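Understanding the architecture of this molecule
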Amino acid sequence: MDKKDAISTESNTAKKQKNTFSGNVGYILAVAGSAVGLGNIWRFPYLAAKYGGGIFLLVYLILMLTFGYAMIISETAIGRMTGKSPVGAFSAFGSKKWLKFGGGINAVVPMLILPYYSVIGGWVVRYVAEYLRGNAAEAAEDEFFGSFISNSFVAEICFVVFVFAAFLVIIAGVKNGIEAVSKVVMPMLVILAVITAVYSVTRPGALEGVKYFLVPNFRDFSIMTVVAAMGQMFYSLSLAMGILITYGSYLKKESDIEQNTTRVEWFDTGIAILAGLMIIPAVFAFTGGDIKTLKAGPSLMFITLPKVFDSMGLGNIIGNVFFLMVLFAALTSAISLFETCTATIAEELGFSRVVSSLIVLCVSLILGTASVFGYGIWSFVRIFGMQILDFFDFLTNSVMMPVSAFFVCILIIRVIGFDGVAKEVKLSSKFRRQPMYYIVTKYIAPFFLMIILASSIASALGFITI
Ligand code: TRP
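These notes cover the structure that comes with them. (Residues numbered from 1 in each chain as written. Predicted model: local features only at pLDDT ≥ 70, side-chain atom pairs only at ≥ 80, totals over all residues. Heavy atoms only, no water.)

Let us now look at the packing of helix H3 (residues 38-50) against helix H6 (residues 97-132). It is at 12 Å that the axes of H3 and H6 come closest, and there the two elements cross at 90°. Considering the angle they form, H3 stands roughly perpendicular to H6. Counting all contacts with H3, which are made through Leu38, Gly39 and Trp42, the residues of H6 involved are Tyr117, Ile120, Gly121 and Val124. The residue makeup of the contact of H3 with H6, split by class, is 5 nonpolar, 2 polar and no charged. (Axes fitted to C-alpha atoms, helices over the stretch in contact; angles between N-to-C directions. Helix = DSSP H or I, 4+ residues; strand = E, 2+ residues; numbered from the N terminus. Parallel < 35°, antiparallel > 145°, perpendicular 65-115°, else oblique. Contact = heavy atoms within 4.5 Å. Nonpolar A, V, L, I, M, F, W, Y, C, P; charged D, E, K, R; others polar.)

Glancing now at the packing of helix H4 (residues 54-82) against helix H19 (residues 388-416). Relative placement of two packed helices is described by the angle separating their axes and the distance separating the axes. Two elements in contact, H4 and H19, have axes separated by 11 Å at closest approach and are oriented at 60°. As summarised for this structure, H4 and H19 are arranged oblique, according to the angle between their axes. Like other packed secondary-structure pairs, H4 and H19 cross with a definite hand, here left-handed. Contacts between H4 and H19 involve Met71, Ser74, Glu75, Ile78 and Met81 from the former and Ala405, Val408, Cys409, Leu411, Ile412 and Ile416 from the latter. Its residues assigned to classes, the contact of H4 with H19 comprises 9 nonpolar, 1 polar and 1 charged. (Left-handed = near helix turned anticlockwise from the far one by under 90°.)

Let us now look at the nonpolar core. Counting 165 residues, the largest nonpolar core has Trp123, Phe234, Phe302 and Phe323 as the members making the most contacts within it. When residues in this core are grouped by element, the largest group, 18 residues, is from H6. Non-local contacts of phenylalanine 302, meaning those with residues more than four positions away in its chain, are made with Trp42, Ile120, Trp123, Val124, Tyr127, Phe145 and Phe323. (Core = buried A, V, L, I, M, F, W, Y, C linked by side-chain atoms within 4.5 Å. Buried < 20%, exposed > 50% of the residue type's maximum accessible area, 1.4 Å probe, protein only.)

With respect to the helices, strands and loops of the structure, arginine 80 is situated in helix H4. The class for arginine 80 is buried, based on a relative accessible area of 0%. Separated by 171 residues in sequence, arginine 80 and leucine 251 have C-alpha atoms that sit 6.2 Å apart. One polar contact links the side chain of arginine 80 to the main-chain carbonyl oxygen of lysine 252, over a distance of 2.9 Å. (Polar contact = N/O pair within 3.5 Å; in protein donor to acceptor, adjacent residues only side chain to side chain.)

Glancing now at helix H12 (residues 223-236). Over its 14 residues, H12 runs 20 Å from end to end, which matches the ideal 20 Å to within 8%, given 1.5 Å per residue. Extensive coverage of H12 is indicated by the burial of 13 of its 14 residues. In the segment just after H12, serine 238 is the residue with positive phi, at about 50°. (Expected span 1.5 Å × (residues − 1).)

The next point concerns the site of the ligand. Around the ligand lies a shell of 15 residues, among which Ala35, Gly39, Tyr117, Tyr235 and Ser336 are the nearest. Within the side chain of tyrosine 117, an N or O atom sits 2.7 Å from an oxygen atom of the ligand. Between a nitrogen atom of the ligand and a main-chain N or O atom of serine 236, the distance comes to 3.1 Å. Elements represented by at least two residues in the shell around the ligand include exactly helix H2 (24-35), H3, H12 and helix H17 (315-349). Counted by class, the shell around the ligand contains 7 nonpolar, 8 polar and no charged residues. (Near = heavy atom within 4 Å.)

Take a look at the structure:
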C-alpha cells in the first residue's frame with residue numbers, strides 16, 4: 001500500500017460517524033453559510049464599482065469558473081483524503097518545513113480576518129438598531145455613516161456586541177440551531193434581495209448603472225482589476241484558509257465533490273450579483289454615477305442602501321428586515337471563522353475548547369479595536385497609505401491568500417499528485433472538468449498567484465497606483 005492509500009484508509013477509520021455531514025444538503029448549507037456573508041453583500045459591490053464594473057464582473061466570473069473551481073476541488077479533496085483540518089492535513093504528508101508553513105498560513109489568515117470582519121458586522125448592528133428605532137430617514141442622510149464610524153465609542157460598542165454574539169454561539173455550540181435558522185433565513189434573504197434589486201434597477205437613471213455593472217468596458221481594465229477580483233473570489237468562497245479542507249474532512253465518500261462545488265459557486269456568485277444590482281444602479285439613480293461615490297469603498301453599501309430604502313417609502317420595515325438578514329449572514333460567516341480559529345488553537349496548542357475560544361476572543365478584541373480606532377481617534381494612522389481596517393483586508397486577501405493558495409497547489413503538484421486528487425474526486429463523481437483542473441492547477445495557478453502577490457506588494461509600496 002502506498003503512502004496516499006495509507007492516509008485515506010486511516011482517515012476513514014479516524015473519522016467519527018457523528019462528524020460527517022448527513023448528506024449533500026447539510027454540506028451545501030454549511031459551506032454556503034460560511035461562503036455567503038458580508039463578502040457577497042458588502043465587499044463584492046464596492047469592489048465591482050471601484051474596479052471597473054462590467055470588466056470586474058467578467059474577470060471575476062472567469063476566475064471563479066477556472067481557479068475557484070480548481071481550488072475548491074483541491075481543498076475539499078485534501079480534506080476528505082486526510083480527514084484533518086489544515087495544519088493536520090498538511091503534516092499528514094510529512095514533516096518538512098514547507099508543509100508546516102503551508103498548513104500554518106492557512107490557519108493564520110482566518111485569525112486576521114475575523115477581527116475586521118466583526119468591525120463591519122458591528123456597523124450592521126448599528127443599522128439594525130437605527131431601523132428598529134424607526135430612524136430610516138436619519139440613516140439615509142449623507143453624513144450618517146461617516147460620523148458614525150468616526151465616533152470610536154459607539155463603533156466600538158457595536159463591534160463588541162457582534163464579536164460577543166459569535167463568541168456565545170461558539171461556547172454554546174448551538175450549531176444545529178444555526179443550521180435550522182439558515183434554512184429559513186437564506187431563502188428569505190434571496191427573495192428580499194430580488195425585490196430590492198428590481199426596485200433599484202427600475203429607478204429613473206438606474207439603467208446607466210446596470211450597464212456599468214454588466215457590460216465590460218476594456219478601457220477600465222488594469223492589473224488591479226485582476227488582483228482585486230482574485231482576492232474577492234478567495235474571500236467570497238472562503239478559500240485558502242482551511243475552511244474547505246476542514247469541511248471536506250467531514251464529507252462522506254459518496255458525496256459528489258464536483259457537483260457540490262458547482263452548486264456552491266453559483267449560489268455564492270448569484271447572491272453577489274444580486275447585491276451588485278441592488279447597490280450599483282442605486283448609486284447612479286441617486287448620484288448620477290458620481291465617480292467619488294463609486295469609489296467610496298467599504299462604506300458604499302452603508303451609504304447607498306439606506307437611501308434606496310428611504311425612497312421606497314417603507315424604509316423602516318424593509319431596512320429592518322434587510323439589515324437583520326445581512327447581520328445573520330455575517331454572523332454565520334463570523335461563527336465559522338471563529339470556529340476554525342478555535343479548532344486550530346485547540347488542536348495545535350493543546351488548550352481546551354473554552355480556553356482556545358477565549359484566546360480567539362481576546363485577539364479579535366485587540367485587533368478589531370485597532371480597526372475601529374483606525375476610522376476614528378487613530379485616523380491619522382496609515383499603513384502603506386491605508387487605514388488599519390483596509391490594511392488588514394489588503395494583507396489577508398491580496399498578500400497572504402495567494403501565498404496560502406500557492407502552498408495548496410504545490411502540495412498537490414509535488415506530493416499528492418493529480419492522480420491522487422482524481423482518485424479521491426472520482427470516488428463519487430465523474431470529474432468532467434478534470435483536464436481543466438489539471439491545466440489550471442499545474443500551469444496557470446502557481447505562476448498567476450505569484451504575479452498577483454508581486455503586484456499586490458508593488459501596489460502597497462506605491463510602485464503601481466490602484
Ligand atoms: N466568505 C465569507 C463572506 O463572503 C467571508 C469569509 C472569508 C469567511 N473567509 C472565510 C467566512 C472563512 C468563513 C470562513 O462573507
